[in-house]
Amino acid sequence: MSQHTAPTLTDRLSAKSGILFWGFTACLVALNVWRLEAWGLDGFRVYLTHAIMQTTLFDFAWVLAILLVFIHQDARRHQLTYWWILPTFPFMPTLGLLAYFWVRHRKVSSTKS
């Protein structure tokens with residue numbers, strides 16, 4: 001008799017990771033295409049120097065650190081690397097996280113078959 005366990009949130013996220021990745025990317029482009037000029041050095045300076053943004057970045061860094069603990073555990077369990085998502089954290093961590101789940105899904109799917 002086989003035991004059937006319910007899929008975890010990580011399993012469900014990784015199963016839909018390609019759709020989530022491309023959907024997020026499309027929405028990001030659609031929401032920002034009309035304001036590309038704000039993405040220059042002045043916009044970056046505002047992003048890093050205003051007090052509200054520094055507080056938000058600090059909070060966001062803690063959230064990413066906590067997520068990284070779970071990613072580290074999951075990567076060890078599935079024998080994956082995850083260091084390559086770290087450069088996305090300062091600017092677009094969602095892309096890095098979704099890419100990790102996409103790679104995870106492909107690895108887990110290939111080992112099951």
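This text goes with the structure placed above it.
Residues numbered from 1 in each chain as written. Predicted model: local features only at pLDDT ≥ 70, side-chain atom pairs only at ≥ 80, totals over all residues. Heavy atoms only, no water.

Draft legend 1. Representation of the packing of helix α2 (residues 17-32) against helix α5 (residues 93-112). Relative to each other, α2 and α5 sit at 155°, their axes nearing to 8 Å. Accordingly, the angle class assigned to the pair α2 and α5 is roughly antiparallel. In this structure, α2 crosses over α5, and the sense of that crossing is left-handed. Residues S17, G18, L20, F21, W22, F24 and T25 of α2 lie in contact with α5, whose contacting residues are T94, L95, L98, A99, F101, W102 and H105. In terms of residue class, the contact of α2 with α5 is built from 9 nonpolar, 5 polar and no charged. (Axes fitted to C-alpha atoms, helices over the stretch in contact; angles between N-to-C directions. Helix = DSSP H or I, 4+ residues; strand = E, 2+ residues; numbered from the N terminus. Parallel < 35°, antiparallel > 145°, perpendicular 65-115°, else oblique. Left-handed = near helix turned anticlockwise from the far one by under 90°. Contact = heavy atoms within 4.5 Å. Nonpolar A, V, L, I, M, F, W, Y, C, P; charged D, E, K, R; others polar.)

Draft legend 2. Structural context of the nonpolar core. One finds L64, I71, A75, L80, Y82, I85, F89, L97, Y100 and F101 forming the largest nonpolar core, which totals 10 residues. Where this core is concerned, the elements lending two or more residues are α4 (51-78) and α5. Once residues within four sequence positions are removed from consideration, F89 is found in contact with F60, L64, L68 and L97. (Core = buried A, V, L, I, M, F, W, Y, C linked by side-chain atoms within 4.5 Å. Buried < 20%, exposed > 50% of the residue type's maximum accessible area, 1.4 Å probe, protein only.)

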